[in-house]
Amino acid sequence: MAALLLFLPVFALSQAVHAAPSSQQGVHEKRLDDFLNDVEANDGGVGSVSIFKGGREVYARSFGQKNLPDVAHDEYSKYQIASVTKMVTAILTFKLVEAGRLSLDDKLSDFFPDMPSAQKITIRHLLEHTSGLKNFAIKDGSVWVVDEVSQGDILDEIKSQGVAFEPGERVAYSNSAYFLLRMILEKKYGREYHQIVAQEIAEPLGLQNFASTKSHPSNTFKSYTFAGHWVEIKDINYSNVIGVGDIASTTRDLNTLIVSLFQHKILNKATLEQMKPIPGHDGWGRGLAEFPYGENRFLGHGGDVLGSHSRVIYNPKDGVAIAYSTNGERIPTNAFLETVVGIVYGGDFTLPQIK
């Protein structure tokens, strides 16, 4: 179960890719199609890719769905985006900061005084994974959130796990921190998380296929594994990870979200800067992480659960955004995304190893 430590993106390091896609050059659509055709022909995965440039979608392709048994789908079918949800939670937090309704220096004890180190942990620590809080999703060495559990049980687990280090001492990815952050948002907004997402993110940006689990998003893919053929598997119960890893979306809506963020349609420029990776923090920021590919430094977030994996990344240098979601992974997500980035920037491709 070690591979199932939930929602932890692994930052991709690639060989140098020097070319940049010019406005005339496009994103090498034919080569992208060739790659995805190879993946599909070899049962190498099931998923969707969307690419934006200049603020609009210039490439969209789903692949592998025809290999799933008796699965209906269309261009509006959604994927579980796992910890990309954390980027949304961070955005919603900074909207409160921008409005003067919350401070990065506010203490966890203002909301949950009985939590470990609550007098020392700040909103800033929760956002940037420096709180010392651990991972509630792993209990006694295994994933215990596959079946629905109560919010009270999760809070008890966070308390019992304690902290691994003093707040601010170092960086360690924390699902527990974002679980508490989501609950703080609900207190401050006076609404449940799914309502906040709908009213503050989805509706203003026109995201018609983007919703938290309590909105009961329809037309959402199940998760699959490959055992000579694709077999549906039971994933985590998303009601256990609201605000942490529960949102479902299309790749197009993911790209619309991240492009809108970097075009300052959600937060102003100064606030967005506070989300970006912090020097010395292992590529982490307060809701955005770094994904370097040679000379190209993308910013965004990733997420992984038992059978679904997503990434959405944006290159501030040229405005290229790439969203990828899979509900049937045989090529590791970072290797897949590295190949896509290479093609977009003019490189050839070799089909990555299929698990």
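Residues numbered from 1 in each chain as written. Predicted model: local features only at pLDDT ≥ 70, side-chain atom pairs only at ≥ 80, totals over all residues. Heavy atoms only, no water.

J.: Whenever I open this one, the environment of glutamate 203 confuses me. Can you help?
T.: In this fold, glutamate 203 is placed in helix α6 (residues 193–205). Accessibility expressed as a relative area gives 56% for glutamate 203, which makes it exposed. Through-space distance from the C-alpha of glutamate 203 to that of glutamate 290 is 28 Å; in sequence the pair is 87 residues apart. (Helix = DSSP H or I, 4+ residues; strand = E, 2+ residues; numbered from the N terminus. Buried < 20%, exposed > 50% of the residue type's maximum accessible area, 1.4 Å probe, protein only.)

J.: What exactly am I supposed to notice about the nonpolar core here?
T.: Soluble, globular proteins show a tendency: their nonpolar side chains are buried together. Counting 75 residues, the largest nonpolar core has Leu108, Ile201, Phe210 and Leu257 as its most contacted members. In contact with isoleucine 201, not counting residues within four places along its chain, are Val88, Ile91, Leu92, Ile196, Leu207, Phe210, Leu257 and Ile266. Phe298, Ile331, Phe336 and Tyr345 belong to the second largest nonpolar core, which has 28 residues in total. (Core = buried A, V, L, I, M, F, W, Y, C linked by side-chain atoms within 4.5 Å. Contact = heavy atoms within 4.5 Å.)

J.: Help me understand the confidence of the model for the chain in this model?
T.: Close inspection of predicted coordinates is inappropriate in any region flagged by low pLDDT. Put simply, the chain has an average pLDDT of 93, and 93% of its residues get 70 or more. In the model, residues 9–24 has pLDDT below 50 throughout and makes 49 contacts with residues more than four positions away in sequence or in other chains. (pLDDT = per-residue confidence, 0-100.)

J.: Teacher, can you tell me more about the sheet that holds strand β9 (residues 248–249) here?
T.: For sheets, the rule is that strands pair by backbone hydrogen bonds, running either parallel or antiparallel. Reading across from one edge, β3-β9-β6 is the order of the 3 strands in this open sheet, with antiparallel pairing throughout. Edge positions in the open sheet fall to β3 (79–80) and β6 (210–211), since each of these has one partner strand only. Of the strand pairs in this sheet, β6 and β9 are connected by 2 bridges, and their pairing is antiparallel. Bridge pairing links alanine 211 to alanine 248 in β9. (Pairing = 2+ DSSP bridges.)

J.: Honestly, the pattern of salt bridges in this entry has me stumped. Any pointers?
T.: Here the idea is simple: oppositely charged side chains can pair when their charged atoms come close. Evaluated as defined, the whole model comprises 19 salt bridges. Put simply, aspartate 348 and arginine 31 hold a salt bridge, and the shortest N to O gap is 3.9 Å. Taken together, the positions of aspartate 348 in the segment after α9 (333–344) and arginine 31 in helix α1 (residues 29–41) put the pair 317 residues apart, joining distant regions of the chain. In this structure arginine 31 comes out as partly exposed when scored by relative accessible area, which is 25%. A salt bridge links arginine 182 to glutamate 186; the nearest nitrogen and oxygen atoms lie 3.0 Å apart. Separated by 4 residues within a single helix, arginine 182 and glutamate 186 lie in helix α5 (residues 175–189), roughly one turn from each other. By relative accessible area, glutamate 186 is classed as buried at 19%. Put simply, Glu57, Glu75 and Arg252 are held in one network by salt bridges that share partners. (Salt bridge = Lys/Arg side-chain N within 4 Å of Asp/Glu carboxyl O.)

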